[in-house]
Amino acid sequence: MTTATKSRAPSVAPTRKTGRRRNPADPHFEQATAEFLQWAQANKRPKTVRSYRQCLARLAQSFAGKRLNEIDPFAIEKHKQARITAGAPVAANRELATLKALFNRCREWGFFHGENPAARVKPVREPKGRLRYIEPEEEGRLLAAAREPLRTIILTGLYAGLRVQAEALTLQKADVDLRHGLLTVQAAYAKSGETRTVPLNAVLREALGRAMSRSQGAFVFARPDGRPYHSIRTAFRTACRRASLAGVSPHTLRHTFASRLAMAGYDLRTIQELGGWKELKMVERYAHLNPRHKAEAVERICSPAGPLIGPERAMPDPSGSDG
């Protein structure tokens with residue numbers, strides 16, 4: 001790093017006496033990016049850091065060389081429109097969210113003063129696609145096609161709503177209370193960053209008990225040497241192929257968990273707490289009902305007194321004349 005670069009770089013080192021951060025003047029986008037990523041590596045999950053890197057690399061194509069106070073809503077909107085034109089509207093939203101987070105963090109550090117310009121740019125409206133969830137008969141085929149421990153991992157997604165990669169595969173025996181029928185997802189592995197506890201139904205309780213008795217070491221789902229699994233995608237795809245299931249991924253298990261709760265009549269707040277969604281609006285997309293369930297709901301409102309419409313009769317002449 002050159003002397004000129006060092007003079008521009010915003011230092012975030014705390015002072016010896018107060019512990020407060022020093023206040024640099026208008027850092028460049030690259031310098032703010034470096035500080036932001038350093039913070040993210042210490043505070044966020046690796047997957048989130050990778051996403052930040054990708055978004056910031058794309059944002060750099062529009063904002064490299066600019067100081068933070070030179071990046072205004074017009075410039076950000078221009079970047080968004082360019083991404084839409086390139087056919088990447090969803091990526092544009094991710095980049096806007098990352099830029100907003102960067103500005104918020106820099107404001108907290110005293111690197112930037114004023115209103116967050118990214119907060120004034122509206123995200124692209126994303127179309128809502130159909131959420132795939134697993135029907136009961138499909139569940140039976142999938143479980144029959146899966147071997148252990150994949151079978152119990154699938155049950156953990158279906159009946160406890162755990163995110164397979166981040167929460168199920170990192171689940172430790174100490175977090176499963178078979179006696180009281182409770183499963184705890186620790187904050188370190190939860191996407192929301194908050195610990196949550198999920199009650200176990202009888203099927204999952206028994207399955208987890210067997211899995212824990214088979215595995216070696218601290219993890220519920222572990223290899224023979226006690227190391228946890230890092231992915232189940234290949235095995236899951238194989239099971240789906242054997243079960244003749246299309247459009248199903250490990251995350252479909254979580255969709256199914258939330259959808260079944262909604263179809264059973266549970267309120268969105270309960271679903272949010274059980275699934276560990278940070279905001280209630282994130283649950284609304286899972287609260288859809290399939291057409292068959294809607295038909296059953298309408299059928300149930302029929303009067304118990306029986307049909308109110310008698311045999312079909314000729315309608316009287318409105319004029320009152322018989323001829």
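Just above sits the structure.
Please read all numbers here as calculations on a predicted model, not as lab measurements.

Asks: Explain a positive patch on the surface to me, using residue names and the numbers behind them.
Replies: Where like charges cluster on the molecular surface, the positive patch consists of Lys-47, Arg-50, Lys-191, Arg-233 and Arg-237. Breaking the positive patch down by element, the ones donating at least two residues are α3 (46-63) and α10 (233-242). Examined against the element boundaries, Lys-47 turns out to sit in helix α3.

Asks: Break down the nonpolar core for me, citing the residues and quoting the values.
Replies: Core analysis: the biggest nonpolar cluster contains 45 residues, and Leu-142, Ile-154, Leu-208, Val-220, Phe-236 and Leu-253 have the highest contact counts within it. At the level of elements, α6 (136-145), α7 (150-160), α8 (164-168), β2 (182-185), α9 (202-214), α10, α11 (250-263) and α12 (268-275) are the ones that each hand at least two residues to this core. The leading source of residues in this core is α7, at six residues. In this view, Phe-236 contacts Leu-142, Leu-150, Ile-154, Val-248, Ser-249, Pro-250 and Leu-253; residues no more than four positions away in its chain are not counted. Membership of the second largest hydrophobic core comes to 25 residues, among which are Ala-32, Trp-39, Leu-68 and Phe-112.

Asks: Can you tell me about the side chain of Ser-259, naming the residues and giving the values?
Replies: Structurally, Ser-259 is set in helix α11. By relative accessible area, which is 0% here, Ser-259 ends up buried. At a separation of 2.8 Å, a polar atom in the side chain of Ser-259 contacts the main-chain carbonyl oxygen of His-255.

Asks: Please provide a residue-by-residue account of α9, values included.
Replies: Over its 13 residues, α9 runs 19 Å from end to end, which matches the ideal 18 Å to within 8%, given 1.5 Å per residue. Burial in α9 covers these residues: Leu-204, Ala-207, Leu-208, Ala-211 and Met-212. Each buried residue of α9 lies within a common arc of 135° when the element is viewed along its axis, so the set occupies one face. Residues of α9 that are exposed and point over 90 degrees away from its buried face: Ala-202, Glu-206 and Ser-213. Next to the buried residues of α9 lie α7, β1 (176-177) and β2.

Asks: Mind laying out empty space enclosed by the protein, listing which residues take part and the relevant values?
Replies: By the definition in use, this model includes one cavity of 30 Å³ or more. Roughly 60 Å³ of volume is contained in the largest cavity. Leu-162, Glu-167, Thr-170, Leu-171, Gln-172, Asp-175, Thr-184, Val-185, Gln-186 and Tyr-189 together form the lining of the largest cavity. Tallied by class, residues from the lining of the largest cavity come to four nonpolar, four polar and two charged.

Asks: Can you break down the environment of Leu-143 residue by residue, with the values?
Replies: Mapped onto the secondary structure, Leu-143 falls in helix α6. Owing to a relative accessible area of 10%, Leu-143 belongs among the buried residues under this scheme. Sequence spacing of Leu-143 and Ile-154 is 11 residues, and the spatial spacing of their C-alpha atoms is 7.6 Å. In this structure, Leu-143 is in contact with Arg-151, Ile-154 and Leu-155, ignoring residues within four places of it in sequence.

Asks: Give a detailed account of the layout of surface pockets, specifying residues and quantitative values.
Replies: The calculated volume of the second largest pocket comes to roughly 170 Å³. Residue assignment for the lining of the second largest pocket shows that the elements contributing at least two residues are α7 and α10. Of the residues in the lining of the second largest pocket, the class split is nine nonpolar, two polar and three charged.

Asks: Outline the pairing of β2, supporting the account with residue identities and numerical values.
Replies: Bridging between β1 and β2 involves two bridges; their strand directions are antiparallel. Within the sheet, the bridge partner assigned to Val-176 lies in β2 and is Leu-183. The turn linking β1 back onto β2 is made up of four residues, and Gly-181 within it adopts a positive phi angle of 70°. One ladder, built from four bridges, connects β2 with strand β3 (residues 196-199); its direction is antiparallel.

Here is what the cut-offs are and how they apply
Residues numbered from 1 in each chain as written. Predicted model: local features only at pLDDT ≥ 70, side-chain atom pairs only at ≥ 80, totals over all residues. Heavy atoms only, no water. Patch = residues over 30% accessible without salt bridge, like charges linked within 9 Å, V, L, I, M, F, W, Y side chains within 5 Å. Areas by Shrake-Rupley, 256 points an atom, 1.4 Å probe, with all protein chains shown as cover. Salt bridge = Lys/Arg side-chain N within 4 Å of Asp/Glu carboxyl O. Lys, Arg positive; Asp, Glu negative; His and termini not counted. Charge placed at Lys NZ, Arg CZ, Asp CG, Glu CD. Helix = DSSP H or I, 4+ residues; strand = E, 2+ residues; numbered from the N terminus. Core = buried A, V, L, I, M, F, W, Y, C linked by side-chain atoms within 4.5 Å. Buried < 20%, exposed > 50% of the residue type's maximum accessible area, 1.4 Å probe, protein only. Contact = heavy atoms within 4.5 Å. Polar contact = N/O pair within 3.5 Å; in protein donor to acceptor, adjacent residues only side chain to side chain. Expected span 1.5 Å × (residues − 1). Arc of directions from axis to C-beta. 1 Å grid on protein atoms, 1.4 Å probe; cavity = no way out; pocket = protein on both sides within 12 Å on 5 of 7 lines; lining within 4 Å. Points joined across faces, edges and corners; volume = space filled by probe spheres on them. Nonpolar A, V, L, I, M, F, W, Y, C, P; charged D, E, K, R; others polar. Pairing = 2+ DSSP bridges.

This is a description of form; function is not addressed.
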